[in-house]
Amino acid sequence: MDISYIINALGEDREQYYNAIAPPIIQTSNFAVKSIDELRQLFQDEYSGYLYSRGLNPTVDILRKKCAALDGTEDCLIFNSGAAAIFSSVIPFVQSGDHIISVKNPYSWAQKCFDLFLPKFNVTTSYVEGNSVDQFIAAKQENSKLIFLESPNSWNYSIQDLQAIASYAKANQLITVIDNSYSSPLFQRPAEFGIDLILQSATKYIGGHSDTVAGILSGPKHLLKKIFDLEYLLAGNGIQPFNAWLLLRGLRTLPARMERLEKTCQQVIQAIEKHEAIEELIFPFHHSFPQLKLAKKQMSTACGLFSLVLKSSNAKQIETFCEKRKRFLIAVSWGGHESLIIPKVAGIDPNHFDPTNRDHKMVRIYIGLEDANVLIDDLIEGLDELKNQHQS
Ligand SMILES: *Cc1c(COP(=O)(O)O)cnc(C)c1O
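As the structure is a computational prediction, the values presented were derived from the model and not from experiment. All chains use their own residue numbering, which begins from 1 and follows the written sequence. With the structure being a predicted model, the display of local features is reserved for residues of pLDDT at least 70 and the display and counting of side-chain atom pairs for 80 or more, all residues being used for whole-chain, interface and lining totals. In computing side-chain properties, one takes all heavy atoms of the structure into account and sets aside hydrogens as well as water.

J.: For this particular structure, what's the right way to read the environment of proline 24?
T.: The helix and strand labels rest on DSSP assignments: H or I over at least four residues marks a helix, E over at least two residues marks a strand, and numbering proceeds from the N terminus. Structurally, proline 24 is set in the loop between helix H1 (3–8) and helix H2 (36–44). Here the alpha-carbon distance between proline 24 and valine 103, two residues 79 residues apart in the chain, equals 41 Å. Discounting residues that sit within four places of it in the chain, proline 24 has contacts with Tyr17, Thr59 and Trp245. Residues count as neighbours in contact if any of their non-hydrogen atoms are within 4.5 Å of one another.

In structure tokens, the structure reads:
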């Protein structure tokens, strides 16, 4: 199925709604049935039809069909945040006494799930660097149930060998989950490498306009039905119809936005990469990236986020570099129309700033839909200033 068909047509039954091109927002909590038998059937299997919008909803279903097809999976569920998708990808598959193997430094709320939440229920997690399948093999215990990946990571872009890990996991009855937010299904399709469950924060590229928080979890139907039947209905964290509609609208322009972002990102990187105020530029498709070969095997391309390690011995200089940017807003998240910047020092006590620690000097930049030249000029201005400060 080609991407244009998925985005423009799949799942849309326009004759059902006056041939409207934009689908309706079916803003209803419940659905009427014609017979008690029909109701009985829905009670037995709520995944089979429309009963109540905490479960299935027709507007959300249009989105589900498109997102599953983009991920190349049988099915998907849409949540009211990426964090909820993370939670629901893990909780159904572990019980007390079980063990998880996770790549080191996953998204902060995945980390909190493993470090703060799951230990309450006697589920433990081991972290591995992730750049070799042998580390996963070494970390496996008798009670291991699940491998959690994030590739690329959204700060240092380290990646994992999806094919090797998936094939090891399959042979050892481990479920594999990946956070694919960085690439989106347009640039990386982990199901093709055998990964079971693929999640992304749809707040980022699919929403695309910084106006919706949502998450998507794709995979085989039997796993998603298991999640739906208990945890999805219990937590009640499925997406609401209006937000699903916003994501459908975002999807229409996803390929066009990604193409533009990729081009602008390359232009910006080329313009600044040799600047003397930069100690290191980290981007998975940059020639200096240590895992470039694997990145090229797994991802069709990369865009949007990259990080800089700045040459500076002073936290305040890095903060000022961010604060003085006219074209980059200081904010978390990414994937919208607007360029963003965020320094690692925001997450550490300024008294603990250590100029010999590369991480402390890192800023993450998100390239939005602005004209490349205005972004380049703004960054060069800041880098020049930093260079002068560093030299003086
Ligand atoms: C933003 C993000 C999430 C969480 O998604 P929300 O929609 O903010 O809940 C998960 N993983 C990664 C890599 C993210 O960047």
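Read on, since the account is not over.
J.: I keep staring at the packing of helix H11 (residues 254–272) against helix H14 (residues 372–391) and nothing clicks. Help me out?
T.: The axes are straight lines fitted to the C-alpha atoms, using for helices just the contacting stretch, and the angles between their N-to-C directions are given from 0 to 180°. One way to put it is that H11 packs onto H14 with a least axis distance of 10 Å and a crossing angle of 30°. Considering their axes alone, H11 and H14 lie roughly parallel with respect to each other. Our pair here, H11 against H14, has a crossing hand that is right-handed. Taken together, the residues of H14 that come into contact with H11 (itself represented by Thr264, Gln267, Val268, Ala271 and Ile272) are Ala372, Leu375, Ile376, Leu379, Ile380 and Leu383. For this classification, under 35 degrees means roughly parallel, over 145 means roughly antiparallel, 65 to 115 means roughly perpendicular, and everything else is oblique. Handedness of a crossing follows from how the near helix is turned relative to the far one, being left-handed for an anticlockwise turn of less than a right angle and right-handed for a clockwise one.

J.: Would you take a moment to explain the pairing of strand E5 (residues 175–179) for this structure?
T.: Judged by how many residues are buried, E5 sits mostly within the fold: five of five residues are covered. The alternating pattern of E5 places Ile175, Val177 and Asp179 on one face and Thr176 and Ile178 on the opposite face, and all of these are buried. We call a crossover right-handed when, viewed with the strands running away from us, the connection from the first strand over the helix to the second turns clockwise. You can see the chain leave strand E4 (residues 144–150), run along helix H7 (residues 162–171) and come back into E5, and the turn it takes is right-handed. Pairing between strands is defined by DSSP: at least two bridges between them are needed. Relative to strand E6 (residues 197–201), E5 runs parallel, the two being bridged by three bridges. Counted as the bridge partner of aspartate 179 is leucine 199 from E6. Using a 1.4 Å probe on the protein chains alone, a residue whose accessible area is under 20% of its type maximum counts as buried, one over 50% counts as exposed, and one in between counts as partly exposed.

J.: Just to check I follow, could you spell out helix H5 (residues 108–117) for this structure?
T.: At 3.6 residues per turn, the α-helix brings residues three or four places apart onto the same side. Here H5 has its buried residues at Ala110, Cys113 and Phe114. Taken end-on, H5 shows its buried residues confined to a sector of 85°, consistent with a single buried face. The elements touched by buried residues of H5 are helix H4 (82–90), strand E2 (99–103), strand E3 (124–128) and E4. Our arc is simply the arc of the directions from the helix axis toward the C-beta atoms.

J.: What exactly am I supposed to notice about the domain arrangement of the protein here?
T.: Split by domain assignment, the protein resolves into domain 1 (3–252) and domain 2 (255–391). All the domain ranges listed were derived from an automatic or database domain assignment. Computed over C-alpha atoms only, the centres of domain 1 and domain 2 are separated by 29 Å. Between domain 1 and domain 2, the contact holds 34 residues from the first and 35 residues from the second. Pairing of N or O atoms within 3.5 Å defines a polar contact, subject to two protein rules: one partner must be a possible hydrogen donor and the other a possible acceptor, and residues neighboring in sequence count only if both atoms are side-chain atoms. Across the contact surface, domain 1 and domain 2 share 17 residue pairs in polar contact (both at pLDDT 80 or more). Contributions of two or more residues to the side of domain 1 that touches domain 2 are made by H1, H7, helix H8 (184–187) and helix H10 (241–252). The class makeup of the residues in the side of domain 1 that touches domain 2 is 14 nonpolar, 17 polar and three charged. Note on residue classes: Ala, Val, Leu, Ile, Met, Phe, Trp, Tyr, Cys and Pro are nonpolar, Asp, Glu, Lys and Arg are charged, and everything else, Gly too, is polar.

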